[in-house]
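Observations on the model geometry
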Amino acid sequence: MASAPEASRAWLLIEHPGPWPPEPAEAELPAPLHAVVGAAVGLGIRVQLIRRPAPRAEPRLHAEPGARRMFVGWTAGSQPWLRHGEVGSGRASWLPGLDLDRLAAGDPVSFGSPVSEPVFLVCGHGQRNACCARFGVPLARQLAVRYPGQVFQTTHLGGHRFAANLAILPHGLYYGPVGIAEATAAISAYQRGAVTPERYRGRAGQPRSAQQAELGLLTRAGSLAVAALA
């Protein structure tokens, strides 16, 4: 409990089929994206590589070859947000809308468009820890069947010993270790506008003391409204 990453407020998710090296900044990305990742890391933005769980990947209908999904978001405070777009490997015309300084400060950027549904991240980063691949990859595949289009495998979320780890965006709620029953319960509660205490690790971007206080309220009440999160 109270083990969600305290510094992870601003997020940058980049679709990258693989391979996934130990750190996202070491991935073989197109030059414009590689520069963005380096700058984001320098500003304290959390970078996650993502991909659709195989073998049930959805058909891709891109405007240009090599295009990939990207999400940017902010998980702290009472008004978290998430935006989504697609970027091409051969051009940088999308860069003006991706103001990393604004993102790092929590100010909405003009990149892409608002995301209308929550995004569910499951760590499946075997290069960081074998348990994440062993438990996370099957869980991501199962969840993708239940929540098509909303589930992504991702690189290290933090806390290998809690595998499988689930993060729910845009609020940055962390759960682990979870199987399909616990993950489904957490997602169902979130869709109802609530946080469930079972396997709840805390909220990303909150100090440990704030996570502990919130968990105390959650434990006593048995449930907590998402709208009531600090």
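Attention in this report is confined to the structure presented alongside it. (Residues numbered from 1 in each chain as written. Predicted model: local features only at pLDDT ≥ 70, side-chain atom pairs only at ≥ 80, totals over all residues. Heavy atoms only, no water.)

A closer look at the pattern of salt bridges
The tally for this structure, following the rule as stated, stands at two salt bridges. Glu-15 is the salt-bridge partner of Arg-69, the closest N and O atoms lying 2.7 Å from each other. Of this pair, Arg-69 sits in strand β3 (residues 68–74) while Glu-15 sits in strand β1 (residues 10–15), placing them 54 residues apart in sequence. For the residue pair Arg-69 and Glu-15, the accessibility class agrees, reading buried in each case. (Salt bridge = Lys/Arg side-chain N within 4 Å of Asp/Glu carboxyl O. Helix = DSSP H or I, 4+ residues; strand = E, 2+ residues; numbered from the N terminus. Buried < 20%, exposed > 50% of the residue type's maximum accessible area, 1.4 Å probe, protein only.)

Quick word on the nonpolar core
Counting residues in hydrophobic clusters, the biggest one holds 26 residues, and the most contacted among them are Leu-143, Leu-166, Ile-168, Leu-173, Tyr-175 and Val-195. Elements with a contribution of two residues or more to this core: β6 (119–123), α3 (130–146), β8 (166–169), β9 (173–175), α4 (180–191) and α5 (208–221). Residues within four places of Val-195 in sequence aside, it is in contact with Leu-173, Tyr-175, Tyr-200, Leu-218, Ser-223, Leu-224, Val-226 and Leu-229. (Core = buried A, V, L, I, M, F, W, Y, C linked by side-chain atoms within 4.5 Å. Contact = heavy atoms within 4.5 Å.)

Considerations on the pairing of β3
By the criterion of burial, β3 is predominantly enclosed, with seven of the seven residues buried. Neither face of β3 is open: one carries Arg-68, Met-70, Val-72 and Trp-74, the other Arg-69, Phe-71 and Gly-73, and all of them are buried. Note: β1 against β3, five bridges, orientation antiparallel. Across the sheet, the residue bridging to Trp-11 is Gly-73, located in β3. Here β3 runs beside strand β4 (residues 81–87); their pairing, made up of seven bridges, is antiparallel. (Pairing = 2+ DSSP bridges.)

Focus on unusual backbone geometry
The linkage connecting Gly-18 with the following residue, Pro-19, adopts the cis geometry, with an omega of 0°. Relative to the helices and strands, Pro-19 resides in the loop between β1 and α1 (31–42). Following Ala-163, the chain continues into Ala-164 via a peptide bond in cis, with omega recorded as 5°. Residue position: Ala-164 is located in the loop between β7 (151–154) and β8. The phi dihedral of Arg-199 is positive, around 65°, even though this residue is not glycine. Residue classification places Arg-199 among the partly exposed positions, given a relative accessible area of 38%.

Considering the packing of aromatic side chains
Pairs of aromatic rings are described using the distance from one ring centre to the other and the angle between the two planes. Summed over the entire model, instances satisfying the criterion amount to three aromatic pairs. Seen from their ring centres, Phe-71 and Phe-152 are 5.6 Å apart, and the 75° between their planes marks the pair as edge-to-face. Taken as a pair, Phe-71 in strand β3 and Phe-152 in strand β7 lie far apart in primary sequence, 81 residues in all. The exposure classification of Phe-71 matches that of Phe-152, with both residues buried. When the ring centre of Trp-11 is taken as reference, the NZ or CZ atom of Arg-46 above it lies at 5.5 Å. Stacked on the ring of Trp-20, the Lys or Arg Arg-51 has its end atom at 3.7 Å from the ring centre. (Phe/Tyr/Trp six-rings, centres within 6.5 Å; stacked < 30°, edge-to-face > 60°. Lys NZ or Arg CZ within 6 Å of the ring centre and 35° of its normal.)

Notes on the environment of Thr-155
Relative to the elements of secondary structure, Thr-155 occurs in the loop between β7 and β8. Residue Thr-155 is classed as buried on the basis of its relative accessible area of 1%. In sequence terms Thr-155 and Val-47 are 108 residues apart; their C-alpha atoms lie 8.8 Å from each other. Among residues more than four places away in sequence, those in contact with Thr-155 are Trp-20, Pro-24, Val-47, Gln-48, Leu-49, Cys-123 and His-125.

Some thoughts on the side chain of Thr-154
On the secondary structure map, Thr-154 appears in strand β7. A distance of 2.8 Å separates the side chain of Thr-154 from the side chain of Gln-48, its partner in a polar contact. With sequence-adjacent residues up to four places away left out, Thr-154 is seen in contact with Trp-20, Gln-48, Leu-49, Ile-50, Leu-121, Val-122, Cys-123, Gly-124 and His-125. (Polar contact = N/O pair within 3.5 Å; in protein donor to acceptor, adjacent residues only side chain to side chain.)

Some words on α3
If you check α3, its first and last C-alpha atoms are 25 Å apart, about what 17 residues at 1.5 Å a residue would give, namely 24 Å. Bending of α3 peaks at approximately 30° at the position of Gly-136, with proline Pro-138 no more than four residues after it. Those residues of α3 that sit buried are Cys-132, Gly-136, Val-137, Leu-139, Ala-140, Leu-143 and Ala-144. Check the buried side of α3 and you find it contacts β6, β7, β8 and α4. (Expected span 1.5 Å × (residues − 1). Bend = angle between axes of the 7 residues up to and from the residue.)

These figures come from the coordinates and say nothing about function on their own.
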